[in-house]
Amino acid sequence: MQDGDGRPRTPGRDVKIRKALIPAAGLGTRLLPATKVVPKELLPIVHRPALEYIADELVASGIEEVVLILHPVKESISGHFSPGGPVIHALAERGQLSRLDTLNRILGSLKFTVAYQDEPLGLGHAVWCGKDAIGNEPFAVILPDDLVRSKVPCLRQMVELYEQTPASYVAVEKVPENRVHLYGIVDGTFEAVQKPFAAKNLVEKPAPGSAPSQQAVIGRYILGPEIFGILEGLSKGSLGELQLTDALAVVAQKGGLFAYPFEGIRHDVGQPLGFVEANLIYAMDHSEMAEPLRALMRELLQNSSPK
Ligand code: UTP
């Protein structure tokens, strides 16, 4: 069965996307030594942990349940997304509980459960670790490294798309030729922003010159539960890791995967430059910081001479 633009409709799959899986069991080596003890997902973008911005996006996308995939040493992440905590008493005494309002709104809207990935065996393996918690329904995967600023939250754009035409979707953005080797790349033809196109195949980190396009998969996905069985049937890649891209390639080759060029700008906060950029850009949203920061940037630009 197909709809007007050729995307297949799968009978029986017209289900709401209620659950989102957040893989957060990686080592965060690119942000070492900051991430030696503190998980990168809890590093602040301005004054909120990066993961709170992701949680805001989930709430705005109608998600009800979150499955956090954690390494056992990253338990502080589930601590953050639990009610109470060691400072609550002191904050109450000081009349400062309102500082937790944004977090409390998240806790009031989303139910969090945790599944563990004891070793970082790849993104595909991390997703597979959420199999029991997700069960037999379509779900979203959202990578906490990728913060997206957009008019409509990126995942919501995709959920709305799914509700019109149930299928599997990956968010994509065009990357420069010299960066394709850092991403999963879609074999398919881009038409326009916000217009999904068929992904014929997916290639993980293609060598320079061999990429099928410049359309790179970023950290937003809508998947069907069949992905778990596909992951189980795969062997580990060259790095000894189970890649999500390889499982998605199987879905693509069967005609069930669509690439979605989302509206918005992505910031990769899992590496130092993207982290600093995001801090600056998100700080400009705060009226009390915007003018002093503008003044600082003007001063820095005036005083910086080419070396
Ligand atoms: P990354 O490769 O960007 O994160 O994976 P990383 O491995 O933590 O960071 P570096 O490369 O060492 O700096 C994208 C997302 O997938 C999760 C990570 O936690 C991150 O949120 N991930 C990755 C897992 O949960 N398990 C894995 O085995 C690999």
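Let us look at the structure shown here. (Residues numbered from 1 in each chain as written. Predicted model: local features only at pLDDT ≥ 70, side-chain atom pairs only at ≥ 80, totals over all residues. Heavy atoms only, no water.)

Looking at the site of the ligand
Here comes step 1: Around the ligand there are 18 residues in total, and Gly 26, Thr 29, Arg 30, Gln 117 and Gly 122 lie nearest to it.
Here comes step 2: Within the backbone of Leu 121, an N or O atom sits 3.2 Å from an oxygen atom of the ligand.
Here comes step 3: Counting only elements with at least two residues in the shell around the ligand, the list comes to strand 1 (19-24) and helix 5 (123-128).
Here comes step 4: Here the residues of the shell around the ligand sort into nine nonpolar, five polar and four charged. (Near = heavy atom within 4 Å. Polar contact = N/O pair within 3.5 Å; in protein donor to acceptor, adjacent residues only side chain to side chain. Helix = DSSP H or I, 4+ residues; strand = E, 2+ residues; numbered from the N terminus. Nonpolar A, V, L, I, M, F, W, Y, C, P; charged D, E, K, R; others polar.)

A few points about the side chain of Lys 74
Here comes step 1: Among the secondary structure elements, Lys 74 is positioned in the loop between strand 4 (65-70) and helix 2 (76-80).
Here comes step 2: Side-chain polar atoms of Lys 74 contact the backbone oxygen of Ala 24, separated by 3.0 Å.
Here comes step 3: Not counting chain neighbours up to four residues away, the residues in contact with Lys 74 comprise Ala 24, Ala 25, Gly 26, Pro 39 and Glu 41. (Contact = heavy atoms within 4.5 Å.)

Notes on the pattern of salt bridges
Here comes step 1: Considering all chains together, one arrives at 21 salt bridges under this definition.
Here comes step 2: The closest approach of N and O atoms between Lys 16 and Glu 64, which form a salt bridge, is 4.0 Å. Here Lys 16, found in the segment before strand 1, pairs with Glu 64, found in the loop between helix 1 (50-60) and strand 4; they are 48 residues apart in sequence, far enough to count as distant.
Here comes step 3: A relative accessible area of 40% places Lys 16 in the partly exposed class.
Here comes step 4: Among the salt bridges present, the one from Lys 111 reaches Glu 65, with a minimum N-O distance of 3.9 Å. Remark: Glu 65 occurs in strand 4 and Lys 111 occurs in strand 5 (residues 111-116); sequence separation between them is 46 residues. (Salt bridge = Lys/Arg side-chain N within 4 Å of Asp/Glu carboxyl O. Buried < 20%, exposed > 50% of the residue type's maximum accessible area, 1.4 Å probe, protein only.)

So, the packing of helix 1 against helix 4 (residues 101-109)
Here comes step 1: The interhelical angle for the contact between helix 1 and helix 4, taken along N-to-C directions, is 45°, at an axis separation of 10 Å. Classed by the angle they form, the pair helix 1 and helix 4 counts as oblique. Taken as a pair, helix 1 and helix 4 cross one another with a handedness that is left-handed. The segment helix 1 lies against helix 4, with Glu 52, Ala 55, Asp 56 and Val 59 engaging Thr 102, Leu 103, Ile 106 and Ser 109.
Here comes step 2: Of the residues contributing to the contact of helix 1 with helix 4, the split by class is four nonpolar, two polar and two charged. (Axes fitted to C-alpha atoms, helices over the stretch in contact; angles between N-to-C directions. Parallel < 35°, antiparallel > 145°, perpendicular 65-115°, else oblique. Left-handed = near helix turned anticlockwise from the far one by under 90°.)

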